[in-house]
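Structural overview
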There are 4 protein chains.
Amino acid sequence: MKVKNELARQVMGEILGTFVLLVFGCAAAAQVKTSRETKGQFLSVNMAFSVGVMSAMYLCRAVSGAHLNPAVSLSFCVLGDLAWIKLLPYSLAQILGAYLASGLVYLIYHDAIMEFSGGILTVFGPNETASIFATYPTDVVSVQTNFLDQVVGTAMLMLCILPLNDKRNAPAPEALLPPIVATVVLGISMSMSANCGAAINPARDLGPRLFTFTAGWGTEVFTCYDYFFWIPLVAPLVGGVLGSIIYLVFIQWHLPELEDESEPESEEIKEQTKEQMEHNSKKDELYLKMSSI
Amino acid sequence: MKVKNELARQVMGEILGTFVLLVFGCAAAAQVKTSRETKGQFLSVNMAFSVGVMSAMYLCRAVSGAHLNPAVSLSFCVLGDLAWIKLLPYSLAQILGAYLASGLVYLIYHDAIMEFSGGILTVFGPNETASIFATYPTDVVSVQTNFLDQVVGTAMLMLCILPLNDKRNAPAPEALLPPIVATVVLGISMSMSANCGAAINPARDLGPRLFTFTAGWGTEVFTCYDYFFWIPLVAPLVGGVLGSIIYLVFIQWHLPELEDESEPESEEIKEQTKEQMEHNSKKDELYLKMSSI
Amino acid sequence: MKVKNELARQVMGEILGTFVLLVFGCAAAAQVKTSRETKGQFLSVNMAFSVGVMSAMYLCRAVSGAHLNPAVSLSFCVLGDLAWIKLLPYSLAQILGAYLASGLVYLIYHDAIMEFSGGILTVFGPNETASIFATYPTDVVSVQTNFLDQVVGTAMLMLCILPLNDKRNAPAPEALLPPIVATVVLGISMSMSANCGAAINPARDLGPRLFTFTAGWGTEVFTCYDYFFWIPLVAPLVGGVLGSIIYLVFIQWHLPELEDESEPESEEIKEQTKEQMEHNSKKDELYLKMSSI
Amino acid sequence: MKVKNELARQVMGEILGTFVLLVFGCAAAAQVKTSRETKGQFLSVNMAFSVGVMSAMYLCRAVSGAHLNPAVSLSFCVLGDLAWIKLLPYSLAQILGAYLASGLVYLIYHDAIMEFSGGILTVFGPNETASIFATYPTDVVSVQTNFLDQVVGTAMLMLCILPLNDKRNAPAPEALLPPIVATVVLGISMSMSANCGAAINPARDLGPRLFTFTAGWGTEVFTCYDYFFWIPLVAPLVGGVLGSIIYLVFIQWHLPELEDESEPESEEIKEQTKEQMEHNSKKDELYLKMSSI
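Residues numbered from 1 in each chain as written. Chains lettered and ligands numbered in written order. Predicted model: local features only at pLDDT ≥ 70, side-chain atom pairs only at ≥ 80, totals over all residues. Heavy atoms only, no water.

Looking only at helices and strands, chain A features 11 helices and zero strands. When the helices and strands of chain A are placed in sequence order, the string is α-α-α-α-α-α-α-α-α-α-α. Sorting the 293 residues of chain A into buried and exposed places 68% on the buried side. For chain A, the accessible surface area stands at approximately 9,400 Å², while carbon and sulfur atoms represent 66% of it. (Helix = DSSP H or I, 4+ residues; strand = E, 2+ residues; numbered from the N terminus. Buried < 20%, exposed > 50% of the residue type's maximum accessible area, 1.4 Å probe, protein only. Areas by Shrake-Rupley, 256 points an atom, 1.4 Å probe, with all protein chains shown as cover.)

Here it is as structure tokens:
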């Protein structure tokens, strides 16, 4: 019953991976919000998103590279590690996974959301529940600042995760990339989510926003805060590419070439080098070639 | 003095492992509750359960596979990794371990529980102490939602831990599975415990509930909230199997076959592959064959 | 300038290791207490002790095995992994390290302690500062319960850390033992410190208590709570041995023998086995032989 | 486009690394402060600095060794691992990176800082925002205590991170040094930041202080608290060297020599030893020679 088409497998991987990421994250947001912070705090939402990143990466990175984020996919296109033709299918898969996850979280927390909101699904006020799903800005921040915030957050993401798997740098262990990438995401959530919620991921924001739109929160989820919704769609794409370029220009170009491993050397050294610098099984090389975050 | 019977050894392993898991978890719940959150918060209970998972797994996974959870054992039966004949002994061992742990936690926190509750062991009210041991729902959530909640929580558990040890996927390091599984459990506790406490484990719930029943909390531990107790017994079994099937259908079936390692290849590549893709000592293969979470 | 005597080196290692452990732990307690929980909470003290365990283990385990705790040293004597003749020097070294650390923390936090306490160094009342250093029980807990609490806490410690380095079990990576042991200690702090502070270590408690005795807190540090001070001295010794025996009886005896590695096998398997099951450099074997927690 | 000059590459690495460290740290401080602790707490600032350390180390340690701190660079000079001629360029690069990061954080949090402070950028009072960037002492602590505090904090830093990469000790895995060093820094933040903010790093303090000076906080950032600013400049340098010396004298001198690996031994043992004790690819050896924290 194996799906023969590689892109179809990858799309399935991205749907399920982004689904898992958002189930953890949005469910934690629902838990904290509807329990009125008695069963968790802001920090636990950050931590749950981080666990979601880790879990989603272990789940699907052998299949699809576990981008989970159109800004990451776009960056890999720019870096030449993902075919441009796959950018749209990857992005739509990610948005779909996020949409489905929002629906499931809504089912689980339906009763609690109704109790908390008094049955009125709204974007504003002390009983608002829209922020369980998509991100919303604070009142005092200008559109330019929010745009910059999302550019910087996503640039930090790419700048910090690209070295983790760069064999010419001093990379993290291949099999431990998921918890380490998750830690970077935790750091961004703890430091750059005050303005507008640190989406740093168009799918993580649009999928849930579309869900709330269809589930009764109405058009306000798009129109509120002066049509804020476009910022977490566009700015992360800019930021991801920007961060990738900064990594290339300031670090990657200046790293030493990998030694040509086919060069005849003492067997021992060669083996060591391979072990240390690759940490990649053959399978991984095939599957993660373009995208192995 | 070695116990010759394999199943007896496995049962001992599961008893002790689940005992350790519950000592950490219930003791933390007792600490937070009886100190009126001055010596910990909701988050620290989540974290202590997580440390319990890690510790229990290191303790007994070479002996019994460290299921610690009938829903996990059932899932492994369905996946063909545990003999069906062992399902009942495993489950009873897990419940017994959880029961014994509750008794020990009660001994340690007896004085504090008496002080906190004014000596009245009850399931309801501001001085209730039953929730130190078993899980209880909140008032506003319907039975269907609680059932779904436990199905989803346990499905997420299996969906997120199966890839961690799947050699055809991009698995975590064998020797670091315990902290990574523990992190997944932490994530579930932080995001899916608002409705009814995230048991996601029939033994974790029934053992302590039986203990409170025998130790003076009375029949209310079973009758309260409309006989809620059956939900964390049944729903996790459904959820565990469901999550396993989702993993198979969406991910596992589409992963590449492991290369046949007996195939003649260059010695070097072969060695690399083995190292990277197996991360399994021979002993582990023998002992963790069916169940190495 | 190398110290030739092995025991002298080990004593130096234990002094410095326990010193580091206590500097982290007591300084965090001072920070939280004197800042009136504005710069940390109960959890951050638990976490700082945990970081102290990790740091101290990396610092001195190649020298002395990083026991850092007379209860651990005694357990290793019982297990045949430390010569009985070394038990007293190890324990005194640990107490001395803890004493010196308390002194340093007092110097750093002198001004803050004076401000917080109004200059009155006392064991009781809202401005007490003795609990920055040694552990004290809560009012409501009986002496028997406190004794049991310390027995159980230390038994859990040994039960959970012995498998981590047991090659016949499924051990943690040798080079990552420090953070994993530290996580176990964190778990114990979060779940078993409500009654009397989770010393689970006679040196961690006596060293700081002696310091406060000499630094102006007076004899009350010993006489208070009905001479409570003997409990964290004696109970952990009992608990450590008890936990070790439980590990032996319930788990260790039933694990398979390590394959005789001198047995002629295919070179490849042999190598794999060694790598996976030992994770020990030759040096480690020499130095950590008896005690490599 | 590769930069040919090694020092230029290293300076670029240190600028970018320290930039990343401070973006995480100062942005988290801004988030917590301007959200009035609704979007994080003291602990989350500690954690964000820790994530910053990890991310910065993965980013630039193959290029520059990831000192990120003049006190670390000075210590490596004293230890003979960094040429003295590089100390000033490294330090200036670190200060510049910290300055630039402060500027970026100010841009992102400009609106929130203005709202929080009412537009008055000041060092004192409930609406002060200077402490988002540089460190400031509490009122009750004397200059001597603050100096000692910074000496001890930085000494603990060097004492705890030097063993992590010492092949003669029992080091951490090379590829996991960044998260482990980050954990040490987290421990120091949680235990030694109550007096004066745990800068333990002249660049982390001076860079942001210079930024606030130029951005409108005025000369008070230097003159306040009796010209406190010199303490986090000078004391960490003293402390770093002191901690390094303590490590040498109490631990390093007494560790066994590494076996001469060119000695003829059985191939197998040799290989094992190399793997376990080095964990260093050839490239790493070249690049991290002096400084691979």
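Right, let's get into the relation of the copies chain B and chain A. By a simple turn and slide, chain B fits onto chain A: the slide is 0.0 Å along the axis, the RMSD is 0.0 Å, and the turn is 90°. What we have between these two chains is a four-fold relation. In this assembly, only 7% of the residues forming the interface of chain B have copies in chain A that are likewise at the interface, indicating a heterologous arrangement. (Least-squares fit on C-alpha atoms with pLDDT ≥ 70 in both. Contact = heavy atoms within 4.5 Å.)

Attention now goes to the environment of Pro173 of chain C. Here Pro173 of chain C lies in the loop between helix 6 (143-161) and helix 7 (177-191). On the accessibility criterion, Pro173 of chain C (14% relative accessible area) is buried. When sequence neighbours within four positions are dropped, the list of residues in contact with Pro173 of chain C reads Tyr58, Ala175 and Leu176 of chain B together with Ile180 of chain C.

Glancing now at the packing of aromatic side chains. Residues and elements named next belong to chain A. Taken as a whole, this structure holds 39 aromatic pairs over all chains when the rule is applied. Three or more aromatic residues joined by ring pairs make a cluster, and in this case those are Tyr99, Tyr106, Phe133, Phe211 and Trp217. Lying across the ring of Tyr136, Arg209 places its NZ or CZ 4.8 Å from the centre. (Phe/Tyr/Trp six-rings, centres within 6.5 Å; stacked < 30°, edge-to-face > 60°. Lys NZ or Arg CZ within 6 Å of the ring centre and 35° of its normal.)

Residue and element names in this part refer to chain C. Even without a glycine there, the phi angle at Glu37 is positive, about 65°. Examined against the element boundaries, Glu37 turns out to sit in the loop between helix 1 (6-34) and helix 2 (42-64). Here the phi dihedral of Asp226 falls at roughly 55°; this positive angle occurs in a residue that is not glycine. On the secondary structure map, Asp226 appears in helix 9 (residues 220-227).

Chain B puts 55 residues into the contact, and the matching count from chain A is 51 residues. Carbon and sulfur atoms supply 68% of the area that chain B and chain A bury against each other, a total of about 4,600 Å² over both sides. In this structure, the connection of chain B to chain A is made through zero salt bridges. For the interface between chain B and chain A, the tally reads 12 residue pairs in polar contact (both at pLDDT 80 or more). Elements that contribute at least two residues to the side of chain B that touches chain A include exactly helix 2 (42-64), helix 5 (143-161), helix 6 (177-191), helix 9 (231-250) and helix 10 (267-278) of chain B. Broken down by class, the residue content of the side of chain B that touches chain A amounts to 33 nonpolar, 14 polar and eight charged. (Buried area = accessible area lost by both parts, 1.4 Å probe. Salt bridge = Lys/Arg side-chain N within 4 Å of Asp/Glu carboxyl O. Polar contact = N/O pair within 3.5 Å; in protein donor to acceptor, adjacent residues only side chain to side chain. Nonpolar A, V, L, I, M, F, W, Y, C, P; charged D, E, K, R; others polar.)

Here the focus is the packing of helix 2 (residues 42-64) of chain A against helix 6 (residues 177-191) of chain A. Helix-helix packing: each pair is described by the crossing angle between the helix axes and the interaxial distance. Residue and element names in this part refer to chain A. Interhelical geometry of helix 2 versus helix 6 gives an angle of 150° and a closest axis separation of 8 Å. Considered as vectors, helix 2 and helix 6 are oriented roughly antiparallel to each other. For the crossing formed where helix 2 meets helix 6, the hand is right-handed. Residue-level inspection shows Phe42, Leu43, Asn46, Met47, Ser50, Val53, Met54, Met57, Tyr58 and Arg61 of helix 2 in contact with helix 6, the latter providing Leu177, Pro178, Pro179, Val181, Ala182, Thr183, Val185, Leu186, Ser189 and Met190. In terms of residue class, the contact of helix 2 with helix 6 is built from 15 nonpolar, four polar and one charged. (Axes fitted to C-alpha atoms, helices over the stretch in contact; angles between N-to-C directions. Parallel < 35°, antiparallel > 145°, perpendicular 65-115°, else oblique. Left-handed = near helix turned anticlockwise from the far one by under 90°.)

Turning next to the side chain of Asn46 of chain A. Residues and elements named next belong to chain A. Relative to the helices and strands, Asn46 resides in helix 2. Residue classification places Asn46 among the buried positions, given a relative accessible area of 7%. Discounting residues that sit within four places of it in the chain, Asn46 has contacts with Leu186, Ser189 and Met190.

Before going further, it helps to spend a moment on the pattern of salt bridges. When the charged atoms of two side chains lie near each other, side chains of opposite charge can form a pair. On inspection of all chains with the given rule, the structure shows 24 salt bridges over all chains. The partner of Lys33 of chain A in a salt bridge is Glu128 of chain A, and the shortest N-O contact between them spans 2.8 Å. Of this pair, Lys33 of chain A sits in helix 1 (residues 6-34) while Glu128 of chain A sits in the loop between helix 4 (87-117) and helix 5 (143-161), and the two are 95 residues apart along the sequence. For Glu128 of chain A, a relative accessible area of 11% puts it in the buried group. Among the salt bridges present, the one from Glu115 of chain C reaches Arg36 of chain C, with a minimum N-O distance of 3.9 Å. Highlighted residues: Glu115 of chain C in helix 5 (residues 110-117) and Arg36 of chain C in the loop between helix 1 and helix 2, separated in sequence by 79 residues.

Here we take up helix 8 (residues 220-227) of chain B. All names here are of chain B. Restricting attention to buried positions, one finds in helix 8 the residues Val221, Phe222 and Cys224. An end-on view of helix 8 places all buried positions within 165° of arc, on one side of the element. Next to the buried residues of helix 8 lie helix 7 (202-217). (Arc of directions from axis to C-beta.)

Glancing now at the environment of Gly216 of chain D. Residues and elements named next belong to chain D. Of note, Gly216 is situated in helix 8 (residues 202-217). Take Gly216: its relative accessible area is 48%, and that puts it in the partly exposed class. Sequence separation between Gly216 and Ile120 is 96 residues; the distance between their C-alpha atoms is 9.0 Å.

Here the focus is the packing of helix 4 (residues 87-108) of chain C against helix 8 (residues 202-217) of chain C. Residues and elements named next belong to chain C. Viewed as axis vectors pointing N to C, helix 4 and helix 8 meet at an angle of 45°, and their least axial separation amounts to 7 Å. As summarised for this structure, helix 4 and helix 8 are arranged oblique, according to the angle between their axes. Helix 8 is crossed by helix 4, and the crossing has right-handed handedness. Residue-level inspection shows Gln94, Ile95, Ala98, Tyr99, Ser102, Gly103 and Tyr106 of helix 4 in contact with helix 8, the latter providing Ala203, Leu206, Gly207, Pro208, Leu210, Phe211, Thr214, Ala215 and Trp217. Looking at the contact of helix 4 with helix 8 residue by residue, the class counts come to 11 nonpolar, five polar and no charged.

Residues and elements named next belong to chain A. Tracing the backbone shows Gln10 in helix 1. According to the relative accessible area criterion, Gln10 is buried, its value standing at 2%. For Gln10, the side chain forms a polar contact with the side chain of Lys86, separated by 2.9 Å.

Attention now moves to helix 9 (residues 231-250) of chain A. With 20 residues, helix 9 of chain A should cover 28 Å at 1.5 Å per step; its first-to-last C-alpha distance of 27 Å lies within 8% of that length. If you check which residues of helix 9 of chain A are buried, you get Ile231, Pro232, Ala235, Pro236, Gly239, Gly240, Val241, Gly243, Ser244 and Tyr247 of chain A. On the buried face of helix 9 of chain A, the contacting elements are helix 3 (70-78), helix 5 and helix 7 (202-217) of chain A together with helix 2 (42-64) of chain D. (Expected span 1.5 Å × (residues − 1).)

As a further point, take the environment of Trp84 of chain C. Residue and element names in this part refer to chain C. Looking at the secondary structure, you find Trp84 in the loop between helix 3 (70-78) and helix 4. Look at Trp84 and you get exposed, because its relative accessible area is 53%. If we ignore the near neighbours within four places in the chain, the residues touching Trp84 are Leu74, Cys77 and Val78.

Keep in mind these numbers describe shape, not what the thing actually does.
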